[in-house]
Amino acid sequence: MCGPHRRQRRYYQIREFQMASSGDELESEDPDDELELDDEPAAQPSQDPIPERLYDINEADADSKRADLVKLSINEEDAWWNQVPINNLDLSSNALTHISPKIENLLTLTVLQLHDNALVSLPPEIGKLEKLVRLNLSHNKLSELPAEFYSLPELRHLNISHNEFLELNPDISNLHMLEFLDAGNNNINTVPGGIGFLVRLTALLLANNHIKELPTDIVNMRSLQKLDLMKNDLIALPEDMGLMRKLECLYVQHNDIKELPTFEGNEMLSELHASNNFIESVPQDLCANLPHLKIFDLRDNKITQLPDEICLMRNLNRLDLTNNSISVLPVTLSSLAHLISLQVDGNPIKTIRRDILQCGTARILKTLHDRAQAKIREEGGADEEAPCSSRSSTGSQGAMNNLPNNMTDRYKLRHTRTLAVNLENLTNVPEHVFQLASSENVHVVDFARNQLGSLPQGLQLMSNLVTELVLAHNVIASVPTFITQFTRITFLNLSNNQIRDLPNEFGVLNTLRELNIANNRFEFLPKGLYELQGLEILIASENHIKALNVDGLKGMPRLSTLDLRNNDIEFIPPILGNLTNITHLELVGNPFRQPRHQILMKGTDAIMSYLRDRIPI
């Protein structure tokens, strides 16, 4: 060999095929292409459908070694010494009933796809694939895995859903590197003790099984973010769920749960789905312990009343109480500034007229708000002991007089680290309020649903503290340059205002992860946005944006969600499809002709694929 040579990536895919004999060899004109032998799926499970050559594919065959210099000069990149070992093997969607023990020869595999076959067992030799990181065994007929399997040292992603497992093997706790486990849609009755040793696990999916009880050490999964236990036979959840402090989404619908724990410590929880159970009440402490909860699904339970403390879930977006036994809605619901969906159908509510209930969330909340204000006037002031009282008593003195309690209550500020005042028609906020909040190390500021015409000047005093700033539903027309001083901000919500642009220096906010500028008056995405290297979520729907700057978007490497619904975009550049970091793209409601609505409805993958196919060569 003379000169440098490019080593070829090896990725093989063998899906839905029929082989004439096991001696057929795999061939590929271009080693960079994935090998795909697609044909009609076999009508009956094949006894030996995989070519023997596959298991020795990392070894050079005789023909390759005999290649003369003339052949190599024509296509030197195909030479066996320029190949690299296979690391990704896709054998999914065939009718495989077994895998040969020779799988042990593929020691370099990191990804193995075996889903949608007819496998009833795996060979013990699979335990020798020490570099295996990702394994998909879903949609087979497996009821157990070989003991050697549980010694795989690098396995991080395991999918064994839609099989015939009756239990999880206790040895699963030996897979110390595991980060994702899907064992849903089996017949699992018990979860073994010791599963808590999977401390790296971020997602545990056990839906559609027959689990009646969870092991006590499941709460030791301190990295767990998503826990799916829907459609099981659970009668209770662990009282110390709060030990899973990183838990964000919990699915326990369709079980036999009668009582919810208080979730003390689960401050990161944003979604709690508990419909179709036998829950009779919502604990008061639960409301105080879940300040970041956005979705609370309690439909089809036995709940008779809601506590007034429901108002402490200040970030609640959706509350579903359908088909319970609630007769009275607490007026404190009206203080939930971010509640956009309140479902109460199927309840014997007598205190609100049926026509108001049928008008939906906004009308119900307005009715409750009017009643709350009438009660305050009737009683000569707000009850300071109420969980969500908003006004100070008439006895308050000095500069604090007649300000919302949430602004001046040191205890609440100190223990919630939150300054939240909503639905108060505020047009300005005194500077001393921010001085007080700063002294109590408040890092969340929420003035949504007021009448602020600009950002309060005193907000600058908290520029080194604030991580979340919510100013949605005001009448703000411009954003001052001092916003760029917020060196710790990760979340900024400016939606539903009258903003047309952002400061050119906006791009210095390198800690910002999520920005919501929906429902404003933007005609283009501000230039400063394209310098936000850390931005992951950008919601810019309901504006007047006319064009996309794909070159600008290329400068946002971490952007994964881009919402541009209901704008005035007339053309989608095909090169947008090359931005593979975008995994969630919303474009519905724009006047462009391509991609058509049918493509948009298929989701982000379909949209991006469509665009890539139309990039000029």
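Check the entry above for the structure.
Reference entry: report on the structure contained in this document.

Calculation notes
- Residues numbered from 1 in each chain as written.
- Predicted model: local features only at pLDDT ≥ 70, side-chain atom pairs only at ≥ 80, totals over all residues.
- Heavy atoms only, no water.
- Helix = DSSP H or I, 4+ residues; strand = E, 2+ residues; numbered from the N terminus.
- Contact = heavy atoms within 4.5 Å.
- Areas by Shrake-Rupley, 256 points an atom, 1.4 Å probe, with all protein chains shown as cover.
- Pairing = 2+ DSSP bridges.
- Axes fitted to C-alpha atoms, helices over the stretch in contact; angles between N-to-C directions.
- Buried < 20%, exposed > 50% of the residue type's maximum accessible area, 1.4 Å probe, protein only.
- Arc of directions from axis to C-beta.
- Core = buried A, V, L, I, M, F, W, Y, C linked by side-chain atoms within 4.5 Å.
- Phe/Tyr/Trp six-rings, centres within 6.5 Å; stacked < 30°, edge-to-face > 60°.
- Lys NZ or Arg CZ within 6 Å of the ring centre and 35° of its normal.
- Salt bridge = Lys/Arg side-chain N within 4 Å of Asp/Glu carboxyl O.

Details of the overall build of the chain
Link 1 in the chain: For the chain, the count of helices and strands is twelve helices and 21 strands.
Link 2 in the chain: Residue pairs in contact within the chain that sit at least 24 positions apart in sequence constitute 37% of those at least 6 positions apart.
Link 3 in the chain: Split by element, the accessible area of the chain, about 29,300 Å² in all, is 46% carbon and sulfur.

Concerning the sheet that holds strand β21 (residues 584–586)
Link 1 in the chain: Strand order across the open sheet formed by eight strands is β14-β15-β16-β17-β18-β19-β20-β21, with parallel pairing between neighbours. Two strands bound the open sheet, and with one partner strand each, they are β14 (418–420) and β21. Each adjacent strand pair in this sheet contributes to an overall mean axis angle of 5 degrees, direction not counted.
Link 2 in the chain: Where strand β16 (residues 468–470) lies against strand β17 (residues 491–493), three bridges are found, and the strand directions are parallel. From the neighbouring strand, Leu469 faces β17, where its bridge partner is Leu492.

Regarding the environment of Ser327
Link 1 in the chain: Tracing the sequence through the fold places Ser327 in the loop between β12 (318–320) and β13 (341–343).
Link 2 in the chain: Between the C-alpha atom of Ser327 and that of Leu306, which follows or precedes it by 21 residues, the distance is 9.7 Å.
Link 3 in the chain: Dropping the residues within four chain positions of it, Ser327 is found in contact with Thr304, Pro348, Ile349, Lys350 and Thr351.

Quick look at unusual backbone geometry
Link 1 in the chain: The omega torsion across Gln594 and Pro595 is 0 degrees, close enough to zero to call that bond cis.
Link 2 in the chain: For Pro595, the position within the fold is in the loop between β21 and α11 (597–600).
Link 3 in the chain: Non-glycine residue Asn323 carries a positive phi angle of around 60 degrees.
Link 4 in the chain: Looking at where Asn323 falls in the secondary structure, it is placed in the loop between β12 and β13.

Concerning helix α12 (residues 604–612)
Link 1 in the chain: Listed as buried for α12 are Thr604, Ile607, Met608, Tyr610 and Leu611. Seen along its axis, α12 keeps its buried residues to an arc of 160 degrees; they face one direction.
Link 2 in the chain: Taken together, the buried residues of α12 touch β21 and α11.

Describing the nonpolar core
Link 1 in the chain: Grouped together as the largest cluster of nonpolar side chains are 92 residues, with contacts concentrated most on Ile99, Phe149, Leu250, Phe263, Phe296 and Leu329.
Link 2 in the chain: The element that contributes the greatest number of residues to this core is helix α6 (residues 361–379), accounting for three residues.
Link 3 in the chain: Filtering out sequence-adjacent residues up to four positions away, Phe149 remains in contact with Ile126, Gly127, Leu135, Leu155, Leu158 and Leu175.
Link 4 in the chain: If you look at the next biggest cluster of nonpolar residues, it comprises 65 residues, including Val445, Phe486, Ile582 and Leu585.

Focus on the side chain of Thr467
Link 1 in the chain: Take Thr467: it is sitting in the loop between β15 (444–446) and β16.
Link 2 in the chain: Here Thr467 falls in the buried class, since its relative accessible area comes to 14%.
Link 3 in the chain: Residues in contact with Thr467, not counting those within four places in the same chain, are His443, Arg488, Ile489, Thr490 and Phe491.

Considerations on helix α9 (residues 431–439)
Link 1 in the chain: Taken together, the buried positions of α9 are occupied by Val433, Phe434, Leu436 and Ala437. Each buried residue of α9 lies within a common arc of 160 degrees when the element is viewed along its axis, so the set occupies one face.
Link 2 in the chain: Looking at the residues trailing α9, positive phi occurs at Asn441, about 60 degrees.

Some thoughts on the packing of aromatic side chains
Ring pairs (aromatic) are described by centroid distance and by the angle formed between their planes.
Link 1 in the chain: Evaluation of the coordinates by the stated rule reveals two aromatic pairs.
Link 2 in the chain: Look at Phe149 and Tyr150: their rings are 5.3 Å apart centre to centre, the planes differ by 90 degrees, and that puts the pair in the edge-to-face class.
Link 3 in the chain: Taking the ring centre of Tyr610 as reference, the NZ or CZ of Arg614 above it sits at 3.6 Å.

Let's talk about the pattern of salt bridges
Pairs can form between side chains of opposite charge once their charged atoms are near each other.
Link 1 in the chain: Scanning the model with the defined rule gives 15 salt bridges in all.
Link 2 in the chain: Of the charged contacts in the structure, one is a salt bridge between Glu104 and Lys128, with a shortest N-O distance of 3.0 Å. Of this pair, Glu104 sits in the loop between β2 (88–90) and β3 (111–113) while Lys128 sits in the loop between β3 and β4 (134–136), and the two are 24 residues apart along the sequence.
Link 3 in the chain: Linking Glu440 and Arg414 is a salt bridge whose minimum nitrogen-to-oxygen distance equals 2.9 Å. Taken together, the residues Glu440 in the loop between α9 and β15 and Arg414 in helix α8 (residues 410–416) connect sequence positions 26 residues apart.
Link 4 in the chain: Accessibility expressed as a relative area gives 8% for Glu440, which makes it buried.

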